[in-house]
Amino acid sequence: MADRWRVEVDRSVCIGSGMCVGAAPDGFRLDTARQSHPVAPETEATESVLAAAEGCPVEAITLTAADNGEAVFPPED
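Residues numbered from 1 in each chain as written. Predicted model: local features only at pLDDT ≥ 70, side-chain atom pairs only at ≥ 80, totals over all residues. Heavy atoms only, no water.

A. View of the side chain of Thr64. Its location among the elements puts Thr64 in strand 5 (residues 61–65). The exposure class assigned to Thr64 is buried, which follows from its relative accessible area of 18%. Ignoring any residue separated from it by four or fewer positions in sequence, one finds Thr64 in contact with Arg4, Trp5, Arg6, Gly69, Glu70, Ala71 and Val72. (Helix = DSSP H or I, 4+ residues; strand = E, 2+ residues; numbered from the N terminus. Buried < 20%, exposed > 50% of the residue type's maximum accessible area, 1.4 Å probe, protein only. Contact = heavy atoms within 4.5 Å.)

Have a look at this one:
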């Protein structure tokens with residue numbers, strides 16, 4: 001597993017459930033429109049950030065390895 005991940009939220013898909021903030025409060029914030037965004041575009045690879053991506057009800061969160069761009073979540077088929 002990579003040490004650092006790039007974190008992206010597809011704001012056209014995000015429904016503002018806040019599940020990502022609940023799972024990884026240091027990794028995600030909701031803005032005034034209740035759209036999620038990562039606190040930083042790159043973060044340490046942690047279980048909480050992975051749980052946030054996996055728990056997103058609309059799969060709006062994408063994680064890729066910062067060093068090589070390899071998909072972390074969702075996994076490539």
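After presenting the structure, the write-up continues.
B. Just the pairing of strand 1 (residues 4–9), in detail. Only one face of strand 1 is buried, namely the one carrying Trp5, Val7 and Val9, since none of Arg4, Arg6 and Glu8 on the opposite face is buried. As paired strands, strand 1 and strand 4 (residues 42–44) are joined by three bridges and run antiparallel to one another. Residue pairing for strand 4: Arg6 is matched across the bridge by Glu42. Sheet topology note: the strand 1/strand 5 ladder contains five bridges and is antiparallel. When the sheet's bridge partners are listed, Val7 is paired in strand 5 with Leu63. (Pairing = 2+ DSSP bridges.)

C. The pattern of salt bridges, seen in detail. In total, this model carries three salt bridges according to the counting rule given. Linking Arg4 and Glu44 is a salt bridge whose minimum nitrogen-to-oxygen distance equals 2.5 Å. Of this pair, Arg4 sits in strand 1 while Glu44 sits in strand 4; the two residues are 40 residues apart in sequence, bridging distant segments of the chain. Residue Arg4 is classed as partly exposed on the basis of its relative accessible area, which comes to 32%. (Salt bridge = Lys/Arg side-chain N within 4 Å of Asp/Glu carboxyl O.)

D. Just the pairing of strand 5, in detail. The element strand 5 is extensively covered by neighbouring structure, given that four of its five residues are classed as buried. In sequence, strand 5 turns back onto strand 6 (residues 71–73) through a hairpin of five residues, with Gly69 there showing a positive phi of about 75°.

E. Representation of the nonpolar core. If you look at the biggest cluster of nonpolar residues, it comprises 16 residues, and the most contacted ones within it are Val7, Val9, Phe28, Val49, Ile61 and Leu63. Elements with a contribution of two residues or more to this core: strand 1, helix 2 (47–55) and strand 5. With four residues, the top contributor of residues to this core is helix 2. Discounting residues that sit within four places of it in the chain, Val9 has contacts with Cys14, Phe28, Ser36, His37, Pro38, Ala60 and Ile61. (Core = buried A, V, L, I, M, F, W, Y, C linked by side-chain atoms within 4.5 Å.)

F. Up close: helix 2. When helix 2 is considered as a whole, its buried residues turn out to be Val49, Leu50, Ala52 and Ala53. In an axial view of helix 2, the angular spread of the buried residues amounts to 155°, which keeps them on one side of the axis. Where the residues of helix 2 are buried, they touch strand 1, helix 1 (19–23), strand 2 (28–30), strand 4, strand 5 and strand 6. (Arc of directions from axis to C-beta.)

No statement about biological role is implied by the geometric values presented.
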